[in-house]
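# Inside the fold
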Amino acid sequence: YKRGNRQSRDEMLDSFADASWCDNGAYTIAEQVDYAELPKDNGKSSGGHVARYNGTPIEFKSKVINTVCLSTAESELKAAAECAKAILHIRRLVEEITDNALTSPTTIYEDASAVLSQCEKTNYTIKSRVRHIGVAFWFLREQVQNGSVLLKKIDTKDQLADLMTKFLGKILHEQLKERLMTPA
């Protein structure tokens, strides 16, 4: 810790999750592709996340979501669920290395209001609009309810995971890259 830093170990771990709905999986940063040879309409979305410890990226992932998502909310939810799985693994690793339990939830910054509102409800009844989402929803909701993760709203322009899922203009790309690579 730096002198005067009052941030707990729990607060030093955070993450950003995002998805790009129905983009044919073409926008993942991990792939170098010839765009003329991409399938034109496979309906796949891409999702990604960035996990940081003490402001430094320690894990990032970008991938095509295996199934066709029927809504933006579904693709965002699946990306957030993947992020939560990674966070659980990182939390266990930090606990093992430091020999201390993390007591507060790890924040996942998410820009989709639908994901936040559905996962934070305590008396949940299945709405027809989200019935199709399935297991990823229940997994993420369970992690929120048991206090492993905390979903927080973030403005789209501040979403660092956009670097993993979308084509960005040069200026926005450079701004987000600088923010990601500069420890808090």
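Placed above this text is the structure.
Just so we're clear, the structure is a prediction, and the values are computed from it rather than from any experiment.

It is worth spelling out the overall build of the chain at this point. For the chain, the count of helices and strands is 5 helices and 5 strands. For the chain, the α and β elements follow one another from N to C terminus as β-β-β-α-β-α-α-β-α-α. The proportion of buried residues among the 184 residues of the chain is 43%. Long-range pairs, those at least 24 residues apart, make up 68% of the contacts in the chain with a sequence separation of at least 6. Carbon and sulfur atoms provide 54% of the accessible area of the chain, an area that totals close to 10400 Å².

A few words now on the pattern of salt bridges. Summed over all chains, the structure comprises 9 salt bridges. Put simply, D158 and K157 hold a salt bridge, and the shortest N to O gap is 3.7 Å. Among the ionic contacts, a cluster of salt bridges with common partners joins D18, D162 and K166.

Turning our attention to the packing of aromatic side chains. Overall, the coordinates contain 2 aromatic pairs when judged by the stated rule. Ring centres of F137 and W138 lie 4.8 Å apart, and the angle between their planes is 75°; on these two criteria the pair is classed as edge-to-face. The class for F137 is buried, based on a relative accessible area of 6%. With a relative accessible area of 39%, W138 lands in the partly exposed category.

Within the chain, N54 stands out as a residue other than glycine whose phi angle is a positive 55°. Locating N54 in the fold gives a position in the loop between β2 (46–53) and β3 (56–64). Take N54: its relative accessible area is 33%, and that puts it in the partly exposed class. At D99, a residue that is not glycine, the phi angle is positive and equals roughly 60°. Position of D99 relative to the elements: it lies in the loop between α1 (72–98) and β4 (106–110). Residue D99 is classed as exposed on the basis of its relative accessible area, which comes to 66%.

Of all 8 residues making up β2, 7 are buried, and the element is well covered by its neighbours. Of the pairings in the sheet, the one linking strand β1 (residues 13–20) to β2 comprises 8 bridges and is antiparallel in character. Counterpart to D18 in the pairing with β2 is G48. One ladder, built from 8 bridges, connects β2 with β3; its direction is antiparallel. Counted as the bridge partner of G48 is S62 from β3.

Another point: the sheet that holds β3. The strand order β3-β2-β1-β4-β5 describes an open sheet built from 5 strands, whose pairing is mixed. For this open sheet the edge positions go to β3 and β5 (149–153), each flanked by a neighbour on one side alone. Taking the axes of each pair of neighbouring strands and ignoring which way they run, one obtains an average angle of 20° across the sheet. In the packing of α1 onto the sheet, the strands contacted are β1, β2, β3, β4 and β5, and the crossing angle to β1 comes to about 155°. Along the sheet face, helix α2 (residues 113–120) touches β4 and β5 and points at about 140° away from the line of β5.

Here is what the cut-offs are and how they apply
Residues numbered from 1 in each chain as written. Predicted model: local features only at pLDDT ≥ 70, side-chain atom pairs only at ≥ 80, totals over all residues. Heavy atoms only, no water. Helix = DSSP H or I, 4+ residues; strand = E, 2+ residues; numbered from the N terminus. Buried < 20%, exposed > 50% of the residue type's maximum accessible area, 1.4 Å probe, protein only. Contact = heavy atoms within 4.5 Å. Areas by Shrake-Rupley, 256 points an atom, 1.4 Å probe, with all protein chains shown as cover. Salt bridge = Lys/Arg side-chain N within 4 Å of Asp/Glu carboxyl O. Phe/Tyr/Trp six-rings, centres within 6.5 Å; stacked < 30°, edge-to-face > 60°. Pairing = 2+ DSSP bridges. Axes fitted to C-alpha atoms, helices over the stretch in contact; angles between N-to-C directions.

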